[in-house]
Every structure is written in structure tokens, then in C-alpha cells.
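In case you want the letters, here they are:
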Amino acid sequence: MPHPSYQELMLPVLKLMASGHQTIPQCLPKLIAEFGLSSEEADELLPSGRQTIMANRAHWARNYMSQAGLVFPLKRGHYVLSDAGRDLLARNPEKIDNAMLRAYPDFLEFLDRSKVSSSSEDTSFGLTTTPSDTEASTPEDVISQQVSQLDRVLQDELLTAVLALSPLRFEQLIVDLLLKMGFGGGDASSGLRIGRSGDGGIDGIINEDALGLDAVYVQAKRYDPSNKVGRPDIQRFVGSLTGESATKGVFVTTSDYSREARNYISRVQQRIVLINGNRLAQLMAQHEVGVRARKTYVLKSVDDDYFTPDA
């Protein structure tokens, strides 16, 4: 029996989560039984050899429903139904697929961020491309679009993992990230996390020279995405920089900044960079903090130099 596509798994996964199953591993035995897969089919792996096909497609089903707001994470890998998910199940749908998810603004925003906006699916991995994409784009363009969508899902998962950290661990993560980005010459001994009660609004310091004559001061706020950093938070940080006679600062949050906070930054003497949750996740992925490569694809072309006739 062929494996169900990730879209065919959406409704069964949502129903299982409604009954109390919070993780995909908890759902898999019932999904395998529901679709009548043999033990060999259930254990069949992806070409990478790292995950079964069923687990991969069930994760994509949950990820897409999460992007639509039908489920939301409690912690890393654990999801529960949202009000929107309960409302959808109350309507007894025959199936859930990408066409149905397009009725949810959050899902359309996700597709827009991924530069994808149609429902022509790769049923193996849950990626989405438009007919016009595949007709008018080069293969390299299509790969780039798919990687963009994978990156967006990774960034959402990173933010979920970051929000589960303790405040002290989060502050250390930010120092680690800035060091990986090249601050302090990338030398781990140049970074110092000092966040503690009464830290004066400074969570980290990165020395940019060996003598510590020039330094970047860091403030890290692990806020819920709905809780934006306001101008008062930025004013306190600026006050802390002034007290340290500092000229450079980086303010990082897992949420975002209010318009007043952003406008205020442009009027202060210190050079301050604001990093919001989306940018934080992008930088973590880019500089490989909290992520690891799972599979590498190499695009090859003919080496024209090799075939150039001898002069």
C-alpha cells in the first residue's frame, strides 16, 4: 500500500491531537494502523536514512497546520489544538489539505514569506510550488524556492526552542551567536555573559579588542511573540550604555519592537542594532547556532576548463 501524502495525514493528525496526542511519535502507531501499512512500509526510510517516510510526512502535516494556526506548540515537539483547530473539527470536514488551509491568513502569510503561493505539492516532503514557478523557472530557481520554505519552517522551530530556554541560557545563546557572527574576532574568550538580578540592563559584553578598550554591550529579552519591546525598554538600555560610557549596543528579543521603540533608536547618540525574533532565527540558522546540517545537495556542472583544447 502506498504511503499517504502529508495532506492525507492532516485530518487524522489533527483528530489525534484533539484526543490528547501531543507529539508525532505518539500519533504514528495509530496513523500506521489507520492507513493499513505493513511493518515494512511503516519502517521504510527516506533516502537520507534518518527518518521514516511516515514520520516525515506526519511532521509536515503538523507543520503546515501549525502555520495555519490550527495547532500551537506547548514546547519543543509538543503541540495542542487551538480554538481554530477545534472549530474546524466541529465542522466535520471530509479532509484537510492546502486548499483548505488557504482560508487562514496565517497560512497565506507563511506561503508569502516562503515566496510560494499555490498548491502544486511534492507529496514526499510537503513542499509547495506554483505551476508558473515550475513552468517558467529554471531547476535552480525551484530548488531555491523550496529551500526558502524549508528555512522558514526551521526558523519557526528555532524560535519555539529558544522560547523554552531559561533566561540565563538565552542570554548565553545571544553571546554565542554574536561571537559566531564575528564580534570580538570570533574568540570565545571575548564574550562575557553577566546577566543577573541587578545587572543594570546589560546581559552581555563582547570585547572587540584584546585590551577591552572597545566593547559591544548586549541586552536580551525572551518575550512572548505577542509582547513587543516598547520604548521604555530601549530607554533603559540606552541609560545603561550611558552609565558604562559605551557607544555600541545590540538589543535582541524573541518578539518584535514597537514603532516608538524603533523611532527612538534613530535619535540617540549610541549605535544600537535591534534584532527581532525572525531575524534572530535567521541569524542562528545562517551561523549554525543551535542547528546542524541534516543533508547536503551538490549541484554540479561541466568543467569547461577540463575540456578546453590544449593551446
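Residues numbered from 1 in each chain as written. Predicted model: local features only at pLDDT ≥ 70, side-chain atom pairs only at ≥ 80, totals over all residues. Heavy atoms only, no water.

### Considering helix α4 (residues 53-68)
- Relative to the 22 Å expected for 16 residues at 1.5 Å per residue, α4 spans 23 Å between its end C-alpha atoms, a close match to the ideal helical length.
- Backbone geometry just downstream of α4 places Gly 69 in the positive-phi region, at approximately 85°. (Helix = DSSP H or I, 4+ residues; strand = E, 2+ residues; numbered from the N terminus. Expected span 1.5 Å × (residues − 1).)

### Details of the packing of α4 against helix α7 (residues 105-113)
- Contact geometry of α4 with α7 gives a least axis separation of 6 Å together with a crossing angle of 110°. As judged from the angle between their axes, α4 and α7 are roughly perpendicular. From α4, Tyr 64, Gln 67 and Ala 68 reach across to α7, where they touch Asp 106, Phe 107, Phe 110 and Arg 113. (Axes fitted to C-alpha atoms, helices over the stretch in contact; angles between N-to-C directions. Parallel < 35°, antiparallel > 145°, perpendicular 65-115°, else oblique. Contact = heavy atoms within 4.5 Å.)

### Thoughts on the packing of aromatic side chains
- Under the definition given, this model contains 8 aromatic pairs.
- With 5.9 Å between their ring centres and 80° between their planes, Trp 60 and Tyr 64 make a pair best called edge-to-face. One end of the pair, Trp 60, and the other, Tyr 64, are both in helix α4, 4 residues apart, so they sit about a helical turn from each other.
- On the accessibility criterion, Trp 60 (7% relative accessible area) is buried.
- Taking 5.9 Å as the distance between ring centres and 75° as the angle between the ring planes, the aromatic pair formed by Tyr 64 and Phe 110 counts as edge-to-face. Here the residue Tyr 64 occupies a position in helix α4, and Phe 110 occupies one in helix α7, the gap between them amounting to 46 residues.
- Each residue in the set Tyr 6, Trp 60, Tyr 64, Phe 107 and Phe 110 is aromatic and connected to the rest through ring pairs, giving one cluster. (Phe/Tyr/Trp six-rings, centres within 6.5 Å; stacked < 30°, edge-to-face > 60°. Buried < 20%, exposed > 50% of the residue type's maximum accessible area, 1.4 Å probe, protein only.)

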